[in-house]
Amino acid sequence: MAHSLPPLPYEMDALAPTISKETLEYHYGKHHKAYVDKLNELIPGTEFENASLEETVKKSEGVIFNNAAQIWNHTFYWNSLTPGGSEPSGAVLEGINKKWGNVDKFKEEFNKSAAGNFGSGWTWLVKKADGSLDIVNTSNAKTPLTTDDVPLLTCDVWEHAYYIDYRNARPKYLESFWKLANWDFANKNLG
C-alpha cells in the first residue's frame, strides 16, 4: 500500500504571517513529502508493505519507523494549527485548568518545555492513562502514538519548522504558535 502526502487542511498561505507560505513550501512540500517518498521506497517486500501508517509507526523501528513516524507527526502538526487560531474550551480547558491552574500558566510551561527540548523533536499536549493532561517532549521522530499517551496537540521544534521565519529564535516561534493553535482539534482528540 503506497502512502501519499495528506493534503494540508488549509491553503499554503493561510498561516501567514505567523508561519509563511515559504516555510510551508519547504516544510510541507519538501520535508513532509520526502518522508512519504522515502517510506514508499522502503516498504516493498517488508511486513509493512500493506500496513496502515499507524500500524507501521507502532510496529517498525529504524529507518522505516523514522519515516513513518515523521509522516504521522507532521500530519498531526498541520492539524494542530488553524488559520487565526482558537481558544482552549470544553474538556481540554477543564484539564488545563485542573493541571496548571490557567491557560497562561499552561502555555508558559509548554513553551519552557519546548524551548528546552534539545535538538530536533516535538512537544506534545497529551492525555495520560489516568485521564490527566501533561506536556511531553519527544526527540527526532518519536511520538506518543507508541505509548499509552493520547496526543492532543503538538508543536514541531525541528529547526526547519521555524528557521525561515524566526531564524534561531525558537522561543519567538513558540510564542507565535499559540496564534494558530487548533483547540477544536485538541478537544476532538481528547474524545
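Before any of the text, the structure's been laid out above.
Residues numbered from 1 in each chain as written. Predicted model: local features only at pLDDT ≥ 70, side-chain atom pairs only at ≥ 80, totals over all residues. Heavy atoms only, no water.

Student: Mind showing me how you'd approach unusual backbone geometry here?
Tutor: Excluding glycine, a negative phi dihedral is what most residues carry, and trans is how most peptide bonds are arranged. Across the junction of Ala 16 and Pro 17, the peptide omega takes the value 5 degrees, indicating a cis bond. Here Pro 17 shows up in the segment before helix H1 (21-42). In this model, Asn 140 sits at a positive phi of 50 degrees, which is unusual for a non-glycine residue. Tracing the backbone through its elements, the reader meets Asn 140 in the loop between strand E2 (133-139) and strand E3 (150-156). For Asn 140, a relative accessible area of 44% gives the class partly exposed. Although it is not a glycine, Arg 167 adopts a positive phi angle of roughly 50 degrees. By the secondary structure assignment, Arg 167 is in the loop between helix H6 (163-166) and helix H7 (170-177). (Helix = DSSP H or I, 4+ residues; strand = E, 2+ residues; numbered from the N terminus. Buried < 20%, exposed > 50% of the residue type's maximum accessible area, 1.4 Å probe, protein only.)

Student: How should I be thinking about the side chain of Thr 143 in this particular structure?
Tutor: Along the chain, the position of Thr 143 falls in the loop between E2 and E3. Of the polar contacts made by the side chain of Thr 143, one reaches the side chain of Asn 73; its length is 3.0 Å. Once you skip the residues sitting within four places of it in the chain, Thr 143 turns out to touch Val 57, Phe 65, Ala 69, Trp 72, Asn 73, Trp 124 and Thr 138. (Polar contact = N/O pair within 3.5 Å; in protein donor to acceptor, adjacent residues only side chain to side chain. Contact = heavy atoms within 4.5 Å.)

Student: It is not clear to me how the packing of aromatic side chains should be interpreted in this structure. Could you clarify?
Tutor: Two descriptors summarise a pair of aromatic rings, namely the distance from one centre to the other and the angle between the planes of the rings. Under the defined criterion, the tally for this structure stands at 18 aromatic pairs. Judged by centre distance (5.7 Å) and plane angle (50 degrees), the ring pair of Phe 76 and Trp 124 falls under tilted. On the criterion of sequence distance, the pair formed by Phe 76 in helix H3 (residues 62-79) and Trp 124 in strand E1 (residues 121-127) is long-range, its members being 48 residues apart. Each member of the pair Phe 76 and Trp 124 is classed as buried. Summarising the aromatic geometry, the rings of Tyr 77 and Trp 122 are spaced 6.2 Å apart at their centres and angled 70 degrees between planes, so their arrangement reads as edge-to-face. A residue pair is termed long-range when its members are at least 10 positions apart, and Tyr 77 in helix H3 and Trp 122 in strand E1 qualify at 45 residues. (Phe/Tyr/Trp six-rings, centres within 6.5 Å; stacked < 30°, edge-to-face > 60°.)

Student: Could you clarify how one ought to interpret the pattern of salt bridges in this entry?
Tutor: Pairing of side chains with opposite charge becomes possible as their charged atoms draw close. Under the criterion given, the structure shown has six salt bridges. Salt-bridge contacts for Lys 128 lead to Asp 149; the nearest nitrogen and oxygen are separated by 3.1 Å. Within this pair, whereas Lys 128 is found in the loop between E1 and E2, its partner Asp 149 is found in the loop between E2 and E3, the two being separated by 21 residues in sequence. Residue Lys 128 is classed as partly exposed on the basis of its relative accessible area, which comes to 25%. It is possible to trace a salt-bridge network through shared partners that takes in Lys 105, Glu 108 and Glu 109. (Salt bridge = Lys/Arg side-chain N within 4 Å of Asp/Glu carboxyl O.)

Student: Teacher, can you tell me more about the pairing of E1 here?
Tutor: Look at any regular strand and the pattern is simple: side chains alternate between the two faces of the sheet. In terms of residue burial, E1 counts as a mostly covered element, since six of its seven residues are buried. Between E1 and the antiparallel strand that follows it, E2, lie five residues; Gly 131 among them carries a positive phi value of about 95 degrees. Two strands pair when backbone bridges link them, and E1 and E3 are joined in this way by six bridges, in the antiparallel orientation. Bridging across to E3, Trp 122 finds its partner in Asp 156. (Pairing = 2+ DSSP bridges.)

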